[in-house]
Amino acid sequence: MAWAHIPSWGWLSGIHFQKKDAPLRILSYTPWRALFTSLPVLPWTPWYKGTFMDGLFLWFQIVVWLAYLSILGSIDNKGAGVLRKSSSVIDLQSLVNFLLGLFVSLVLARWWTLRTLYQKNMGLCVNTARMVATYIRLPVDGYGTPEKEAAEIRIKIVRYLNLATTIACQTFSNPGGKVIRKDLGELVTDEEWELLKDHPAKFVVVYMWIASLVRWCAQVGLLSCPSATLPLLQKNISRMRGSLGDIGMYINAQLPLCYVHLLSMAIHMSLFVLANSLASVEFVQRYFTGARRFQLIFWPWFLSIMWTIAYWGLMKLQTLLENPFNFKAFGFPQEVYRLRMKELTNLMLNEMSQLPYKTPHIEAEEGSIDDLEHVVKGFRALPKTSRNIISTLEVQDEPLRILRYEATRANLLSVSLFIPWTSRYKGTFLGTPHLWVLLVFWTAVLSWLGISEDPVARTFRMPDPTDASVPVDIQPTYKDAANTLSNNFVKVQKLAIFILGLYVSLTLARWWSMRDIYQGVCNRTKDLAVMVGAYLHSPDHEEGEDTKPVQHLRMKIVRYMNLAHALILSEADGTTSGALSTLRYRGFVNDEEIRLLEPVTRNRYSVVLLWVQDLLRHCYDSQLLPNAYIFARLQKAVSRVDDAADQIINMYLDTQLPYTYIQVVSYIVQVFLFVNVCQQAFYLNEAWSQTDVQQLAGIFWPYFQIITSVVAFESFLILHIFLTNPFGKEAQHFPTERFIEELWQQTLRTIQQAPSPAMETALSSVNLASSMSLNVKPSKVVPIGESFENIHSDNFWARVMGSLMHYDPLKVYKYVPWKAHLLSIFPLIPITPGWRGTILRSTTFILQLVFWSGWLGWVGFTDNNTSQMLRLVATPSNLQNLVTFLLGMAMTLVINRWWLMREKYGSILSGSEELSLMAASLIGTPGSTKDFGGLDARIRKEVVRYCNLGQKLLVLEARRSFEKGGEPMQELLGEGLVTEIEMNALRNPQLVANRHTLVFSWLTAVLRQGSKQGRVAFPDLMLTRLSSNIGKIHRSADDVLTLLNTQLPFAYVQVLSWCVVVFLFMICCYTANKLFSGRNYVGAMQYNLYFWSFFEVNLRVSVFMGIPVMFGFFENPFTRAATSFPTEKFSRDLWKHTNECITQSQNIPRLCAPPEAKPDQAPLATKFQTFATKWYKALSGVDLFRNPLRLLRYDPWRLHFVASYVVFPSTPWWRGTFLSSGFMWVMMALGLLYISYLGFSDEPLARTLRLCSYTSTAVTTSVPCSKWSTDTVSNLQNLTNFILGLYIGLVLTRWWKIREQHQVVFGRTNDIAVL
């Protein structure tokens, strides 16, 4: 079923629908058109289908609230007056925004989970069809079931796979789960339908049929290598059934009614309050005529419609996305998906009948495409790169891609947003024409509204609360109405910021998920190359080189994996038409393979992976692989590549964010920009009646505000366009050409450098006794129990801080939290030597403090025309709220990225220790004196050495030591971690990064050699287990390098930093008024104004520039900076622990009987009841366990009630509550002492530190000091609340992760006991 474009509806909005003879479904849309055609009254689809205007409920709500607004605005009695004033005491907007944001996140998460589960089922169907086509065939000897019957079984299994998915989709789509026979068509026979029609779970029965057929094939000998392939097929069947079962769970379990009911009630109440406030504006229109009357009618109606659409449009997402399997326009296009799955599954069967090779053992000619030496000689250089000297932006020249940037410098230079750091701004937001069009459009609208005096322009402009032409008797009422509109404008801005922040977070999450999944393709490809190089050998050539056919076979498998990788990327960026000819030129594919791939229009990589699986089957049948477990691991690696590619191509790129969601987000942002333009038009219109500096300021600042708002809001909205498909051909997309070439060279170098059997024998005979006593330079480490004074006695504050440090180089790796919180009051105290590891160590941060303090001083103390114009700026609250929200989210992203690197690095360390432990227990006979010349000990030592070498090489690669020059390998040679031969191999200048991959291939080969010589217990199973652990370590190392090499999108970081700089510029100009007013006073009042001006600016700079500077701290935590991971300590600990594993393996304690349980031992529940304090449990619902005191459970509703009495001891001495913290009491006492001193003392210092207020008699009315004070406290409080909320979220997440890992230990211990 082809996609069809309907010009009558989708030309302007770029929406694609299914063709007319199928149910109307939105298949795709053009992102930039969807974002900028968000006007809800235009039917971008037939009868608004698939948009939030679909249905009568929203229209009904608009009519109801407009009618209520008109009626209340026209009634003049006491009751109506009370309602119109209710908005002054009731404000639910902040609560509704927060609850609605969470609700939208939940709805979208559920919708995406359903899409993920559906795609998982379809991907597993295609994967199973490929395995069936590969494995179910005649046995090698040719006897048994005829080939015709085997082909019929393959066809039947594929038909059942499609039948199960179709039945499940009908069950989810139709009311009551009814399945209609005629809709199944030829997928089911009449006999099969008779068996299915009365069964409640029909698709489960179909999967049972598939499992039975697979089992029968294994019994009669039709299934190749049944010990490996039967579990893989059965696991796929179980996962397919489980994914469909999970879909049913989500559809049948809605969000809790109490939550949705509470949110709906809050929205109704909020709209009620907003309508009351807007009615007070409409009530005033009766006193005016002409444009002013239309103005006071237009804005209440416009805002009422806007709030109704915004709130109920977001709420409608639940209705639209709750069950995307229905037959409405916003549902999944199941017809397209099912047809695609049918084509792909049948393709797997058809392609097996025409393979590009007859047998994998044909010896290729010298210089052919599968001749390894010829291919290696023909390696192409990676695309050239260049670096911008000023911005340190590293780019790939042809084609242009942004590779890396220095986070600190990008933040520092973000003020120069309009400087083209790349050719024609490519890779930045200014590189897209959409932003320029919007800048021109909104500035033109501002000019027309601000300069024109026609009735339409006067209607749209914000009312002037100080208009002298208003009659004196109604001036208070008119002023209240104007202020009400102004407050509503602020609320629109808050809603837009909150919704836009969630939208940006969702877009970045999708972008990173695609990068993470794509890295899975590369990781599994390299894993397969490592295993092929280590395990795929000729069995009759143990002492020499493999035969040419085996070498060519390894080359063919690796080439096919790289061909599949290149086809995945070509399909992702939409260049499938000329992809094969390009790949033929690059040596990935030959003419025969092109002939077979050209008819395939979609998922060509699946065909290539089919060839790989068939080659592996031939290898196993020819005894080129050691055992069935290794064969299963190779097959699993191929399946994982297919799964990852399927997620990228068929799920992320084919499933955009719901059009309804994009439309409502874009609508809210455009409404905010319109409202903001109307506000600034008022100031621009006022400027024409001013003179000199005031006129210049009145013209400059409105245009500056609009340009800033458009760049900030529209740029983050455009982010969806940039990151929808990061595999495209634009500068901000992934450098796919570099990825293809790097993976090609890395995998081929792996099989080229993979040790042959002769090399393995040589390695096993090396005497490593001397290498085990490594000359490791001892790092100066402070043990946890050792006094800090013995290490650094001259730093008093470091001892007070309780910091534990690693010296040479200096690394902070532990601190006492409450001391860190307490001493943060005094930021200038050197809590570490030279403030290392703190923000004060950053030169960029100090320069920012000096620059903005100097800028504030110049604007505040000078009195020329320029400084006067700059001081006439309005409060930049719009930009501050946006910057605060997005900067907090960016900080969360950066910290999560940093923690993910630590988690992956921890996986490498723990995996290496686990591998050493397994080697110590499984290689040889622990405690036995029969070691056959020390072979067991040497193999164990080799495992330990390679584990430590791989970890060391990863750290060096993370630090880019090989790119910077020097001799990092000499240090490893001096430590004994590498031999001369290995060092020369790793020094190869043609080796493209990832040297640790080569080390892990050597480690795999050593274990294989030990298994061949019978030195591994249970060799078939344990060799697979050891190889699996090596794969996990290898993938974690690759994930670390991926995180380091994939920064946040440059355009996102640049525009975010630019918003921060612009905000600081505006806040300095605004605060300079306070500094300038200090000239009118002397003594404490003057010092007060000076002190708080500089304090406020420096505090804002510390927070708003300190967070971007921290991005540079967390960018690469593997450097030698004090903020980085103490990798030297970790390396030393790893070396110590892995050596202890093999050393202690000879000292095994004797087995002893477990202690007998005492007959009088009381049950655990009785102990709990004995030690529980019944009084606390009865009153506060807290269940306690004594010795030591721990909180077991609590009753939520009782605790909520008791918590209102803070000082009530709900537990003994408040233990387990925040009142048990001495730190809190200390901070409370310090706060009370400080406020008492400032409040009661009349010293100059206290008067300087006190913020001025409305009641201060020393302040004249010409100095709006009280407004500055209110703004300062309010803004800092909002910022603190937001940052503290993110901090608490991170702490709770970390706490729950620790609990999860402890539960894993608990569960695995029980598993061991059961086994």
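Residues numbered from 1 in each chain as written. Predicted model: local features only at pLDDT ≥ 70, side-chain atom pairs only at ≥ 80, totals over all residues. Heavy atoms only, no water.

## Examining the nonpolar core
Move 1: Judged by nonpolar contacts, the single largest core of 350 residues is most densely connected at Ile557, Phe713 and Tyr1052.
Move 2: Looking at which element gives the most residues to this core, the answer is helix α18 (residues 475-535), with 26 residues.
Move 3: When residues no more than four places from it in sequence are discounted, the contact partners of phenylalanine 713 are Ala496, Ile497, Leu500, Val669, Phe672, Leu673 and Leu882. (Core = buried A, V, L, I, M, F, W, Y, C linked by side-chain atoms within 4.5 Å. Buried < 20%, exposed > 50% of the residue type's maximum accessible area, 1.4 Å probe, protein only. Helix = DSSP H or I, 4+ residues; strand = E, 2+ residues; numbered from the N terminus. Contact = heavy atoms within 4.5 Å.)

## A look at the environment of valine 206
Move 1: In this fold, valine 206 is placed in helix α9 (residues 202-220).
Move 2: The contact partners of valine 206, leaving out residues within four places of it in the chain, are Tyr160, Leu163, Ala164, Ile167 and Leu196.

## A few points about helix α19 (residues 548-572)
Move 1: Taking 1.5 Å per residue as the helical rise, α19 with its 25 residues ought to reach 36 Å, and the 36 Å between its terminal C-alpha atoms agrees with that figure.
Move 2: Of all 25 residues in α19, 23 are buried; the element is thus mostly enclosed.
Move 3: Glycine 574 sits one or two positions beyond α19 and adopts a positive phi of about 75 degrees. (Expected span 1.5 Å × (residues − 1).)

## A look at the packing of helix α22 (residues 604-621) against helix α23 (residues 628-652)
Move 1: At a minimum axis distance of 10 Å, the contact between α22 and α23 shows a crossing angle of 180 degrees. Between α22 and α23, the interaxial angle falls into the category roughly antiparallel. For the pair α22 and α23, contact is made by Tyr605, Ser606, Leu609, Val612, Gln613, Leu616, Arg617 and Tyr620 and by Ala628, Phe631, Leu634, Gln635, Val638, Ser639, Val641, Asp642, Ala645, Asp646, Ile649 and Asn650, respectively.
Move 2: Residues belonging to the contact of α22 with α23 are distributed by class as follows: 12 nonpolar, five polar and three charged. (Axes fitted to C-alpha atoms, helices over the stretch in contact; angles between N-to-C directions. Parallel < 35°, antiparallel > 145°, perpendicular 65-115°, else oblique. Nonpolar A, V, L, I, M, F, W, Y, C, P; charged D, E, K, R; others polar.)

## Some points on the packing of aromatic side chains
The geometry of two aromatic rings is summed up by the distance between their centres and the angle between their planes.
Move 1: Evaluation of the coordinates by the stated rule reveals 59 aromatic pairs.
Move 2: Ring centres 5.2 Å apart and planes at 85 degrees place the aromatic pair phenylalanine 57 and tryptophan 312 in the edge-to-face group. Separated by 255 residues along the polypeptide, phenylalanine 57 in helix α3 (residues 57-74) and tryptophan 312 in helix α12 (residues 290-321) bring together distant segments of the chain.
Move 3: The class for phenylalanine 57 is partly exposed, based on a relative accessible area of 43%.
Move 4: Grouped by ring-pair contacts, the aromatic residues Trp111, Trp112, Tyr118, Phe172, Phe325, Phe332, Tyr337 and Tyr652 constitute a single cluster.
Move 5: The side chain of arginine 115 reaches across the aromatic face of phenylalanine 332, ending 5.8 Å from its centre.
Move 6: Residue placement shows arginine 945 over the ring face of tyrosine 946; its charged tip is 4.7 Å from the ring centre. (Phe/Tyr/Trp six-rings, centres within 6.5 Å; stacked < 30°, edge-to-face > 60°. Lys NZ or Arg CZ within 6 Å of the ring centre and 35° of its normal.)

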